[in-house]
Amino acid sequence: MTQTRPARIRTEQAPGFLRWGYLFASRLREKAGLPATSHTPLSLPLLGKTSVLVRGEEGIRFFYDKDLMERHGAMPKLVQLPLFGDKAVHTLDGEAHRVRKNAMTDLAYDDGRVADFQHLVAGELEAAHGRWKAGTGNVHDDAALAFGRAALRWAGVELPDEEMNRRVRQMNRLLDTFGQLSQNPVAMVERVRLDRWATQLIQDVRSGKVAAAPDSVLAHMADLRDEHGELVEDKVAAVELQNLTRPTVAVGRFAAFAAAALVKHPEWVERIRAASQQAGGSVTDIPEAVAFAQEVRRTHPFVPMLPALAKKDTEISGCPVQKGQRVLLDFVGTLTSPAEWRDAGSFDPERFLPYDGVEAAESITAFIPQGGGDVRTGHRCPGEKITVSALAAAVVVMCRPGVTISSDVKDTTFPWTRMLTRPATGVRISATG
Ligand code: HEM
């Protein structure tokens, strides 16, 4: 390949990342004199290390090439420790990753288990709808609670009602605070509390003090084994039990974005309501709601970018990448790139209607709201079926007759410079009937 002159910024950019949030990647392009929509790789110093920012299909293939990239040590500890936990699957490579990932994917990505989750989440959302009838609710907090409760029950974690709510709220607080310099200590406190609780639970299952339901997620995590067939440490099993439950709480953020999008697209409220009514009032498996959920995941900012480390000297589009350098995959830039998406800037759930189910939509290379590549052989999130199930069900409930989502600007807008972002109010909602 001809070596073109790579685009480069020479000064440390960590302060810009903190200041610009989700706008960071596009600001960098501006700074380097590149068109905002270009896919040219960009080299920059970040956290004291030369990093190469990539986007689009070529960037995805490069980032997910296991011969070229590894994950161990790639993610700053400020994010990794509170969010994923110590020694989590996210940080593994090679055989250790393959074995752990398959054990977790067998649970989260299995259609039968996803159907069980759908049943549980539908019940929890009915309860949230009931509370909206009694007074004003908050889509973010109420959905996070419904999703988190469904996730814990799905995993076979049996807790008294109050404790279950408390654990979900702790997970929610962790998600609201991690990675921000001023708030990270709050996230770390919740991480320590949740690790202590989940580790005790794993120890109790392992010792026989607590009987986990056979074949439950809890039973499988208590029996989690490494690539040599050895049981993993209690604390690691506890971390992975959380990694199969806590992220479902995070879907509450997408629910808040979806609520704001429903306010802006009332024609979809009508369509989804009609489709659900035609399906006898069902909240699950409504194709219009699934398409809406998918477009929310494409267009609303969640994961800004992900890091990997180059295992050897290589290059992408003429931009040299040396062993040990960081490669950053630009999620927001890829999900909204005009080179990847027809009419990329418009909110159009119609684009996802032809895809039958979540797995089919995962075949769109540039559709990476929860990572790209292959779910079993790579690091792609195994929770996309659960995420879309939860989100689409919440969308159906929010489209019911008598439900009113606030159209106040405080509910329908959010800052692009804050990470993670969402409408500050959580999006107020009420219901009659
Ligand atoms: C708001 C919803 C979610 C978002 C935005 C999200 C996002 C992500 C992202 C970006 C990754 C990393 C992909 C990569 O490294 O290439 C990931 C990995 C992962 N996610 Fe999710 N996720 C969500 C929901 C879920 C759910 C519901 C589950 C489980 C039920 C889950 C379990 C995991 C696990 C276990 C990994 C580690 C995969 C690996 O390193 O091999 N996530 N997720």
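- Named according to an unreviewed UniProt entry, the chain is Cytochrome P450 originating from Corynebacterium lemuris.

Examining the environment of P304
- Structurally, P304 can be placed in the loop between α14 (287-299) and β6 (305-310).
- Ignoring sequence-local partners within four residues, the contact set of P304 consists of Y22, L329, D330, F331, V332 and M419.

Some remarks on the side chain of R55
- The residue R55 is located in the loop between β3 (49-54) and α3 (56-63) in this model.
- Engagement of the side chain of R55 in a polar contact is seen with the backbone oxygen of A36, the distance being 3.0 Å.
- Side-chain polar atoms of R55 contact the side chain of D330, separated by 3.0 Å.
- Discounting chain neighbours no more than four positions away, the residues touching R55 are R29, A36, T37, S38, H39, L329, D330, G333 and T334.

Quick look at empty space enclosed by the protein
- Within this structure, the stated rule accounts for four cavities of 30 Å³ or more.
- Residue lining of the largest cavity: 14 residues in total, with H300, P301, F302, V332 and L335 positioned closest to the centre.
- Among the residues forming the lining of the largest cavity, the class breakdown is nine nonpolar, three polar and two charged.

Notes on the sheet that holds strand β5 (residues 137-138)
- Strand order in this open sheet of three strands is β5-β11-β10, and the pairing throughout is antiparallel. Edge positions in the sheet fall to β5 and β10 (403-405), since each of these pairs with one other strand and no more.
- Sheet topology note: the β10/strand β11 (residues 428-431) ladder contains three bridges and is antiparallel. Bridge assignment links V403 to a residue of β11, and that residue is A431.

Considerations on a nonpolar patch on the surface
- Together, L18, L78 and L181 give the surface a local cluster of nonpolar side chains, amounting to about 290 Å² of exposed area.
- Considering the arrangement of structural elements, one finds L78 in helix α4 (residues 77-83).

What to know about the coordination of the iron atom of the ligand
- Of all protein atoms, C381 (SG) alone acts as a donor to the iron atom of the ligand, lying 2.3 Å away.
- Counting through the fold element by element, C381 comes out in the loop between α16 (358-361) and α17 (384-398).

So, the site of the ligand
- Neighbouring the ligand are 27 residues; Y64, R71, H97, H379 and C381 lie closest to it.
- Y64 is positioned such that a nitrogen or oxygen atom in its side chain is 2.5 Å from an oxygen atom of the ligand.
- In the model, an oxygen atom of the ligand is placed 3.0 Å from a nitrogen or oxygen of the K101 side chain.
- If one sorts the elements of the shell around the ligand by residue count, helix α12 (residues 246-264) sits on top with five residues.
- Residue classes in the shell around the ligand are distributed as 15 nonpolar, 10 polar and two charged.

Here we look at the sheet that holds strand β1 (residues 7-8)
- Sheet architecture is open: six strands sit in the order β1-β2-β3-β9-β6-β4, paired in mixed fashion. A single partner strand is all that each edge strand has here, and the edge strands are β1 and β4 (69-70).
- Against the sheet, helix α2 (residues 24-31) engages β2 (42-46), β3, β6 and β9 (326-330), with an angle of about 115° to β2.
- Against the sheet, α3 engages β3, β4, β6 and β9, with an angle of about 140° to β9.

A word on the nonpolar core
- Residues F147, M221, L262, I272, F292, V296 and M398 are the most contacted members of the largest nonpolar core, which totals 126 residues.
- Once you skip the residues sitting within four places of it in the chain, M398 turns out to touch W132, V139, A255, A258, A259, L262, V403, I405 and I429.

Focus on the side chain of D204
- Among the structural elements, D204 can be located in helix α9 (residues 184-207).
- Buried and unpaired, D204 has K209 as its nearest opposite-charge partner, separated by 4.2 Å.
- When residues no more than four places from it in sequence are discounted, the contact partners of D204 are K209 and V210.

What to know about the pairing of β11
- Here β11 shows a clear split, with I429 and A431 buried on one side and none of R428 and S430 buried on the other.
- For β5 and β11, the ladder comprises two bridges, and the chain directions are antiparallel. The residue of β11 that forms the bridge with G137 is I429.

Structural notes on the packing of α12 against helix α13 (residues 266-278)
- For the pair α12 and α13, the least separation of the axes is 5 Å and the interaxial angle reads 105°. As judged from the angle between their axes, α12 and α13 are roughly perpendicular. Contact with α12, carried on its side by L262, V263 and K264, involves P266, V269 and I272 of α13 and no other residues of that element.
- For the contact of α12 with α13, a count of residues per class yields five nonpolar, no polar and one charged.

Thresholds applied
Residues numbered from 1 in each chain as written. Predicted model: local features only at pLDDT ≥ 70, side-chain atom pairs only at ≥ 80, totals over all residues. Heavy atoms only, no water. Helix = DSSP H or I, 4+ residues; strand = E, 2+ residues; numbered from the N terminus. Contact = heavy atoms within 4.5 Å. Polar contact = N/O pair within 3.5 Å; in protein donor to acceptor, adjacent residues only side chain to side chain. 1 Å grid on protein atoms, 1.4 Å probe; cavity = no way out; pocket = protein on both sides within 12 Å on 5 of 7 lines; lining within 4 Å. Points joined across faces, edges and corners; volume = space filled by probe spheres on them. Nonpolar A, V, L, I, M, F, W, Y, C, P; charged D, E, K, R; others polar. Pairing = 2+ DSSP bridges. Patch = residues over 30% accessible without salt bridge, like charges linked within 9 Å, V, L, I, M, F, W, Y side chains within 5 Å. Areas by Shrake-Rupley, 256 points an atom, 1.4 Å probe, with all protein chains shown as cover. Salt bridge = Lys/Arg side-chain N within 4 Å of Asp/Glu carboxyl O. Donors = N, O, S within 2.8 Å, 3.2 Å for Na, K, Ca; no water. Near = heavy atom within 4 Å. Axes fitted to C-alpha atoms, helices over the stretch in contact; angles between N-to-C directions. Core = buried A, V, L, I, M, F, W, Y, C linked by side-chain atoms within 4.5 Å. Buried < 20%, exposed > 50% of the residue type's maximum accessible area, 1.4 Å probe, protein only. Lys, Arg positive; Asp, Glu negative; His and termini not counted. Parallel < 35°, antiparallel > 145°, perpendicular 65-115°, else oblique.

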